[in-house]
Amino acid sequence: MARGGFMQRMGGVRGLAAQGALVLGLVLLAVWLNHNAGTNIAARGIATGYDFMGREAGFNIDQHLVDYEPTDTYTRVFLVGALNTILVAVMGIVTSTIIGLTAGVMRVSKNYLGRLLATTYVEIARNTPLPVQILVWYNLALLAPPPRTAWGADGLFFLTNRGVYLPQFNLNGLADFAIWGGIAAIVAGLFLSSHFRKQRTEHGTGASPNWGWAFAIGGFVLAYLLTGNPTGIDVPHKSGFGFTGGFTMSPALMALWAALSFYTGSFIAEIVRGGLQAVAKGQGEAARAVGLNDAQALRLVILPQAMRVIVPPLASQYLNLTKNSSLAVIIGYPDLVAVFAGTSLNQTGQAIETLALVMLFYLACSLSVSAFMNWYNARSAVWAVSR
Amino acid sequence: MSAARPAPTTTAWQWARLNLFGSIADSVLTVVAAVLFAWFVWNAFDWAILRADWFGETKEACKSGGACWAMITARWQQVVAGYYPEAHLWRVALAMVCLAIAVLPVIKRDMPAWAALLAPAGVIASIAVLGGANILPSVPTDYWGGIMLNVLVGLTGAIFALPIGILLAFGRRSDLPIIKGFSIGFIEIVRGVPLITLLFMSSVVLPLFLPTGMNLDKLMRALAVVTLFSSAYMAEAVRGGLAAVPKGQREASHSLGLGLLQTTGLVVLPQAIRISIPAIVNTFIGLFKDTSLLYVIAILEVTGVIRQALSDFAWLGLENEGYVFVAFVFWVACFSMSRWSASLEQQSGKTVKRVEEPA
């Protein structure tokens, strides 16, 4: 569209009038709501503003990935909750992808029973509500034996109705340097790898892209060794009625993780199936004809082409999983919604501020996923193969 | 032309060779899958049907070791309608009839255009029948509940969300920058946050924004929020349909002398809606499943009723039965709707992947 004057861009007189009406309506609505809120908040004696973020929270949170004491501030509570949300989201994304990929490939497999099994799973998982699934998994997690008769092996892991006890890596000494050095090595390695690949594609010569990967791994190991092995391992031991050491995964986390993986896995399976079916049949047949076996054909020919169809909806499934992790509140896993839109809201009474912050967090996640999708679509459009 | 080649006949053995025992790995998978499947189906059948107890006053009545469905049968009335007064249960039935009429224009596709008005009319009528509307004795929404409430909230949300969603979808495709910006902003913000935060908003923030003295009922506030929430998803469903209407349709309509409003209302929209019905149904399935969240803000839909039963001493420890029952109710509804939606897709020849659902 040619860029005309202001009037033209605004769609002429009619367009300007319609948009003016919308703006006026929104402004009037905002003024009205603001007036109501002002009166109501004053009448109920609720504080306003974000001063509460600096005040002491005063309640305990069972699971915290960073140090947390009840004497810490609400800002710290927000951080702890956000990290717990991210933890369960990342765990869920990994396992739901594995489940979804397996079930998706099984749904198009040549084996009838494999198809039947995968179809049954998909139709059960995506046609029942996630809250109910979470409650079912939580109930299952509580059926594990009590600590006294725990399943497991001393020094390795224990499975009980109070949670799963696992070995934990401890960071000490120069760990920070090792981590940052390792990250720097990996980033540099990835750049090298993509640089080599580009050279090969454009000039047909040059080093193998694998050297980039070797650099990344080598650099990581070197950073680890140079800083003098800064990790220790902390294993769980039975002691008296409970356990000491290791990392405890609460039943709520287990249940939420299982439910999110199981539920989202079914949607991912359908995306994977759609992606595989979108690849022209001749591609698979041609791959077989040049001598690749079934697994190679899938990995080297079909999946790379299917990925273009798979990735955009997959990204929005990951986003859905992250949003759905907010259902943690029904079984008491301390995610962002539970600790901030739940406990903190109740204690401070500042519903508008706490909810706004929580929503902003999810919006930020969603915007970054959209940004990634735009980048991916632009990138994959370059080598899009027409069918 | 020569006669068509007869379809190749495959014997059961050939079929099994191809579909079950194609290779060694396949054969192993087949055996493992068959054992797993048989084990699972048999155990489920044995527990849920063969060894189940169906009636009784407390869990003591369940002695055979299988599922104890007595909890569901004993509380049947609450499961269906919550604490709606027994003498007025006929109103629940009548409300369900109204809702059935409301979805008629979606199911029967050869109805005249005015039939679309049946949808909002049916929903309003059902709420009026349930609430009393100053004609029948009033029944406050605190007494509404059970599966009836899931259906009511799901359908109300979807039906009122659709027109808003259509407007938003047009807004998003519009050339007018402010309208377009507003539509995109609304859709993306609503789709970017979890429903539960919006439900919390309906229960704690919304009352703050209403004029002092105006007490909107808890259920009505939730309905308003659910409607706005699903309108963003409906907008995306309709947008797909709008994009699928060929440009020539619009041009042909203009050349016949129809104006912008007539072209949109008589030519573009009917086709777009028809194309997007499967996507709309899929959005509805997601919304219907989401109604199970309402118990978090103390609205007694079926999950809430079951959780209340589970906290009753008489039925303590029957979580398996309770949750399996709720899951089964939703499964029957959602599975049949998804089959129906898939058959609509096949009729229209367009595939709408059921991968985007409200979350």
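Description of the structure in this document. (Residues numbered from 1 in each chain as written. Chains lettered and ligands numbered in written order. Predicted model: local features only at pLDDT ≥ 70, side-chain atom pairs only at ≥ 80, totals over all residues.)

### A look at the overall build of chain A
1) Next: Of regular secondary structure, chain A possesses 12 helices and 8 strands.
2) Next: Its C-alpha atoms give chain A principal-axis dimensions of about 80 × 80 × 50 Å.
3) Next: Counting across all 387 residues of chain A, residues that qualify as buried make up 35%.
4) Next: Long-range pairs, those at least 24 residues apart, make up 66% of the contacts in chain A between residues at least 6 apart in sequence. (Helix = DSSP H or I, 4+ residues; strand = E, 2+ residues; numbered from the N terminus. Buried ≥ 20, exposed ≤ 12 C-beta atoms within 10 Å, placed from the backbone. Contact = placed C-beta atoms within 7 Å.)

### Description of the overall build of chain B
1) Next: Helix and strand counts for chain B come out as 14 helices and 0 strands.
2) Next: Along chain B, from the amino end to the carboxyl end, the secondary structure elements read α-α-α-α-α-α-α-α-α-α-α-α-α-α.
3) Next: Dimensions of chain B, computed from the C-alpha atoms along their principal axes, are close to 80 × 75 × 35 Å.
4) Next: Across chain B, every contact between residues at least 6 apart in sequence was considered, and the portion connecting residues at least 24 apart equals 66%.

### What to know about the pairing of strand 2 (residues 157-160) of chain A
Residue and element names in this part refer to chain A.
1) Next: Because side chains alternate across strand 2, one face comprises the buried residues F158 and T160, and the other comprises F157 and L159, none of which is buried.
2) Next: Bridging between strand 1 (residues 151-153) and strand 2 involves 3 bridges; their strand directions are antiparallel. Following the sheet pairing, A153 is matched in strand 2 by F157.
3) Next: Following strand 1, the chain reverses through 3 residues before pairing antiparallel with strand 2; G155 in that reversal takes a positive phi of roughly 85°.
4) Next: In terms of strand pairing, strand 2 meets strand 3 (residues 163-166) through 3 bridges, oriented antiparallel. Note that in strand 3 the partner of L159 across the bridge is V164.
5) Next: Where strand 2 hands over to strand 3, the hairpin turn is made up of 2 residues, counted between the paired strands. (Pairing = 2+ DSSP bridges.)

### Quick look at helix 6 (residues 175-203) of chain A
Residue and element names in this part refer to chain A.
1) Next: Given a rise of 1.5 Å per residue, 29 residues ought to cover 42 Å, and the 41 Å separating the end C-alpha atoms of helix 6 matches this to within 8%.
2) Next: By the burial criterion, the buried members of helix 6 are A178, A185, G189 and S193.
3) Next: Buried residues in helix 6 make contact with helix 7 (210-226). (Expected span 1.5 Å × (residues − 1).)

### Comments concerning the sheet that holds strand 1 of chain A
Residue and element names in this part refer to chain A.
1) Next: Strand order in the open sheet formed by 4 strands is 1-2-3-8, and the pairing between neighbours is antiparallel. Two strands close off the open sheet at either side, each with one partner strand: strand 1 and strand 8 (247-249). Direction aside, neighbouring strands of the sheet carry axes that sit 10° apart on average. (Axes fitted to C-alpha atoms, helices over the stretch in contact; angles between N-to-C directions.)

### Notes on the interface of chain A and chain B
Interface size is commonly expressed as the accessible surface area that is lost when the partners come together.
1) Next: Taken together, the contact pairs 56 residues of chain A with 51 residues of chain B.
2) Next: Counting only elements with at least two residues in the side of chain A that touches chain B, the list comes to helix 2 (12-44), helix 4 (112-126), helix 5 (130-142), helix 8 (251-278), helix 10 (294-324), helix 11 (336-348) and helix 12 (351-382) of chain A.

### Section: unusual backbone geometry
All names here are of chain B.
1) Next: Its identity is not glycine, yet A133 carries a phi of approximately 50°, on the positive side.
2) Next: With respect to the helices and strands, A133 occurs in the loop between helix 6 (118-131) and helix 7 (146-173).
3) Next: The exposure class of A133 is exposed, given the 12 C-beta atoms found within 10 Å.
4) Next: The backbone phi angle of N134 is positive, close to 65°, even though this residue is not glycine.
5) Next: Looking at the element boundaries, N134 is found in the loop between helix 6 and helix 7.
6) Next: Residue N134 is classed as exposed on the basis of its C-beta count, with 8 C-beta atoms lying within 10 Å.

### Section: the packing of helix 8 (residues 177-192) of chain B against helix 10 (residues 218-244) of chain B
Residue and element names in this part refer to chain B.
1) Next: Packing of helix 8 against helix 10 brings their axes to within 9 Å, and their N-to-C directions diverge by 115°. Here the hand of the crossing between helix 8 and helix 10 comes out left-handed. Only L228, F229, A232, Y233, A235 and E236 of helix 10 make contact with helix 8, whose side of the interface consists of F186, I187, V190 and R191. (Left-handed = near helix turned anticlockwise from the far one by under 90°.)

### Some remarks on the environment of B:G317
1) Next: For B:G317, the position within the fold is in the loop between helix 13 (302-310) and helix 14 (319-348).
2) Next: Spatially, the C-alpha atom of B:G317 lies 37 Å from that of B:G192, the residues being 125 residues apart in sequence.

### A few points about helix 6 of chain B
For an α-helix, the turn length of 3.6 residues means that residues three or four places apart are oriented alike.
Residues and elements named next belong to chain B.
1) Next: A rise of 1.5 Å per residue sets the reference length of helix 6, with its 14 residues, at 20 Å; its end C-alpha atoms lie 20 Å apart and thus fit the reference within 8%.
2) Next: Turning to helix 6, its buried residues are A119, G122, V123, S126, I127, V129 and L130. Taken down its axis, helix 6 places every buried residue within 160° of arc, on the same side.
3) Next: Looking at the buried side of helix 6, the elements it contacts are helix 5 (89-107) and helix 7.
4) Next: Just downstream of helix 6 lies G132, where phi reads positive at about 110°. (Arc of directions from axis to C-beta.)

No statement about biological role is implied by the geometric values presented.
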